[in-house]
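Structural description and commentary
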Amino acid sequence: MKQRAPLTLAAVTTALAAVTGLAALTAPAADGKAADGRTAAAARMPVERSLLVCPGPSSSDIAETTYTSFTPGAPAGEGKGSARLLGATKDAKPVLEPKEPGKPVGAAASGADAPALTGSADGVLAPGWTAQLTTKVSVGRTRGVLGVGCTAPGTDFWFPAVSTAKGREDYVHLTNPDEAAAIVDIKIFGPDGPAKPDAGTSESIRVDGKSTKTVLLSTLVPGAQLADATAHVTTRAGRVGASVQVGEEGVGADWLPAAADPAGSLVLPGIPADAASVRLVVFVPGEEDADLKVRLAAPGGSITPAGNEQLHAKAGMTTVVDLKDLTRGEPGSLLLSPSDPKKSAPVVAAVRVVRGSGAKQELGFIPATGPVGTRATVADNRPEENTTLLALTAPGADAKVKVTASPGTGAGEAASQEVTVKAGSTQTLSLAPAGGKGSYALTVETLSGGPVHAARTLSLPHEGITMFTVQGLSDDHSTVSVPKAAQDLSVLTR
């Protein structure tokens, strides 16, 4: 008699598809029971495949770009996996190929020809797979440090804090990881509502398979000088990765990542202590106006900015508040919440941050960011002193997290530290691997308490300019809930 082999979820799904013509498993109903009335518990299982998309780094011929990839998790030898990031063109060669969890890998590229990337990871390299691109441009209109985390492709993105004004160049980078073409719409909302687009330019933008396209926002609404606006990027077909690259005359350049999904309460973590200018941009996607409380979560607890305690944002319009030098020498995070808890309107938000003054100003953006959840990671941190600062914010309740610095791409031993974050406060931390060489990853794990939001500031000063970039950390969704099948499938064999 042929011995039965244990079945994987994929094998069960394939077998069901062959038997019934429909690949499906019995999922529990809302009451936690399967269709036959028996309890069907769900288990958390590591994801088996992750996808990432990275935009093209820069249009400058003197740009220096670093790509970094990292997967936390199981030590080497506990399972197999593969991962690769390659140029977003057909038949492109791999740029990064990590080999094992817990060890970051990096690659460098120069000039304007550095490609946008797409890639996937499977097996033990999939759960929590993270990639980052960091670009330094020393001079010119786009000078500065531009950093962005690579993201999963999607169909809906919000970008508060874009602009079509003179002196600003905001490019939406759209990268399609799939074989089929994606069709994209871009809508822009100013302080008076939707901006009137040039005929046909903002709708049905085609992004061919395995390719990338950049769209200058000001060309979509010619003549509309919008100092602060909100862009909404959606797809009619397919999916894309979307990020906005901002260049501002005399102030520098950086990436504006997509903001967290619309919600009644938001956290914008990691405003630098020496921020000379903080401008909050809020948009209300729904039909009801939003009345918000504005607080700053500082190291000693939350405070209310004088003169900006409340914010009224009209539905369908972009609202701007100049918070000036809000942090006053202490790092902090903005907390937005409904003025009346019984009346909450979902909003999206981001802040534009400027450090320095005069000819030595530098620009950065911090969009609203979701909590780190079970675990979140940011790659490409530098071991040099005062370059990397992690900000941790607990908006509602005390929380304890574990922060781990991985080995560097060149050398080093991992280091960990537990941090307690008091409710309503922001705590900062500099942590690097022992003997680290090359860039390393920082991983934040929630141990107990309420939700924690986090952001990493990477500072790479150049000729007296405090060049910097801020990246938020969000739950890496490295596990998924897999319901147990209510039916006995042991009769199916491979």
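Calculation notes
- Residues numbered from 1 in each chain as written.
- Predicted model: local features only at pLDDT ≥ 70, side-chain atom pairs only at ≥ 80, totals over all residues.
- Heavy atoms only, no water.
- 1 Å grid on protein atoms, 1.4 Å probe; cavity = no way out; pocket = protein on both sides within 12 Å on 5 of 7 lines; lining within 4 Å.
- Points joined across faces, edges and corners; volume = space filled by probe spheres on them.
- Helix = DSSP H or I, 4+ residues; strand = E, 2+ residues; numbered from the N terminus.
- pLDDT = per-residue confidence, 0-100.
- Contact = heavy atoms within 4.5 Å.
- Core = buried A, V, L, I, M, F, W, Y, C linked by side-chain atoms within 4.5 Å.
- Buried < 20%, exposed > 50% of the residue type's maximum accessible area, 1.4 Å probe, protein only.
- Pairing = 2+ DSSP bridges.
- Axes fitted to C-alpha atoms, helices over the stretch in contact; angles between N-to-C directions.
- Polar contact = N/O pair within 3.5 Å; in protein donor to acceptor, adjacent residues only side chain to side chain.
- Disulfide = S-S within 2.5 Å.
- Phe/Tyr/Trp six-rings, centres within 6.5 Å; stacked < 30°, edge-to-face > 60°.

1. Examining empty space enclosed by the protein
One pass over the full model with this rule turns up one cavity of 30 Å³ or more. Taken as a whole, the largest cavity spans an internal volume of roughly 40 Å³. Val-53, Cys-54, Pro-55, Gly-149, Cys-150, Thr-151, Thr-175, Gly-241, Ala-242 and Ser-243 are the residues that line the largest cavity. Listing elements by their share of the lining of the largest cavity, those giving two or more residues are strand E2 (49–54) and strand E17 (241–248). Of the residues forming the lining of the largest cavity, the biggest block, three residues, is contributed by E17.

2. Description of the confidence of the model for the protein
Residue-level pLDDT values for the protein average 89, and 88% of them are 70 or greater. Contacts of residues 489–494 to residues separated by more than four positions or lying in other chains number 14 contacts, the stretch itself having pLDDT below 50.

3. Topic: the nonpolar core
Core analysis: the largest hydrophobic core is formed by 32 residues, its most contacted members being Phe-159, Leu-174, Ile-186, Val-233 and Leu-256. Sorting the residues of this core by element identifies strand E10 (156–162), strand E11 (168–176), strand E12 (182–190), strand E14 (205–207), strand E16 (229–237), E17, strand E26 (348–355) and strand E27 (362–367) as the ones contributing at least two each. What Phe-159 contacts, discounting residues up to four positions off in sequence, is Ala-229, Thr-230, Ala-231, Val-233, Ala-242, Ser-243, Val-244, Leu-256, Pro-257 and Ala-258. Judged by nonpolar contacts, the second largest core, of 29 residues, contains Ile-271, Val-284, Val-294 and Val-470.

4. Some points on the pairing of strand E25 (residues 332–338)
Most of E25 is tucked away: seven of the seven residues are buried. Covered by surrounding structure in E25 are Gly-332, Leu-334, Leu-336 and Pro-338 together with Ser-333, Leu-335 and Ser-337, the residues of both alternating faces. When strand E21 (residues 290–298) meets E25, the two strands line up antiparallel, connected through six bridges. For Leu-296, the partnering residue across the bridge sits in E25 and is Leu-334.

5. Structural notes on the sheet that holds strand E3 (residues 64–70)
The strand order across the open sheet built from four strands is E6-E3-E8-E9, with neighbouring strands paired in antiparallel fashion. Each edge of the sheet is formed by a strand with only one pairing partner; in this case those strands are strand E6 (105–110) and strand E9 (144–149). Neighbour-to-neighbour, the strand axes of this sheet turn through a mean angle of 15°, independent of strand direction. Here six bridges tie E3 to E6, and the two strands are oriented antiparallel to one another.

6. Re the side chain of Thr-443
Within the element layout of this structure, Thr-443 appears in strand E35 (residues 440–449). With a relative accessible area of 6%, Thr-443 lands in the buried category. In terms of polar contacts, Thr-443 uses its side chain to reach the side chain of Thr-377, at 2.9 Å. In this structure, Thr-443 is in contact with Phe-70, Pro-72, Arg-375, Ala-376, Thr-377, Lys-402, Val-403 and Thr-404, ignoring residues within four places of it in sequence.

7. Focus on the state of the cysteines
Scanning the model with the defined rule gives one disulfide in all. For Cys-54, the disulfide goes to Cys-150, at an S-S distance of 2.0 Å. Disulfide Cys-54-Cys-150: torsion about the S-S bond near 110°, hence right-handed. Of the two residues, Cys-54 is situated in strand E2 and Cys-150 in the loop between E9 and E10; the sequence distance between them amounts to 96 residues.

8. Observations regarding the packing of aromatic side chains
Taken as a whole, this structure holds three aromatic pairs when the rule is applied. Ring plane angle 40° and centroid distance 6.5 Å describe the contact between Trp-158 and Phe-189, whose orientation is recorded as tilted. Of this pair, Trp-158 sits in strand E10 while Phe-189 sits in strand E12; the two residues are 31 residues apart in sequence, bridging distant segments of the chain. Given the relative accessible area of 9%, Trp-158 is considered buried. A relative accessible area of 13% means that Phe-189 is categorised as buried. Ring geometry for Trp-158 versus Phe-283: centroids 5.4 Å apart, planes at 35°, classification tilted. Of this pair, Trp-158 sits in strand E10 while Phe-283 is found in strand E20 (residues 275–283), placing the two residues 125 residues apart along the sequence. The class of Phe-283 is buried, set by a relative accessible area of 1%.

9. Let's talk about the environment of Val-444
Examined against the element boundaries, Val-444 turns out to sit in strand E35. Given the relative accessible area of 0%, Val-444 is considered buried. Along the chain, Val-444 and Thr-404 lie 40 residues apart, while their C-alpha atoms are 6.6 Å from each other. Residue contacts for Val-444: discarding those within four places in its chain leaves Val-372, Thr-374, Arg-375, Ala-376, Leu-390, Leu-392, Val-401, Lys-402, Val-403 and Leu-473.

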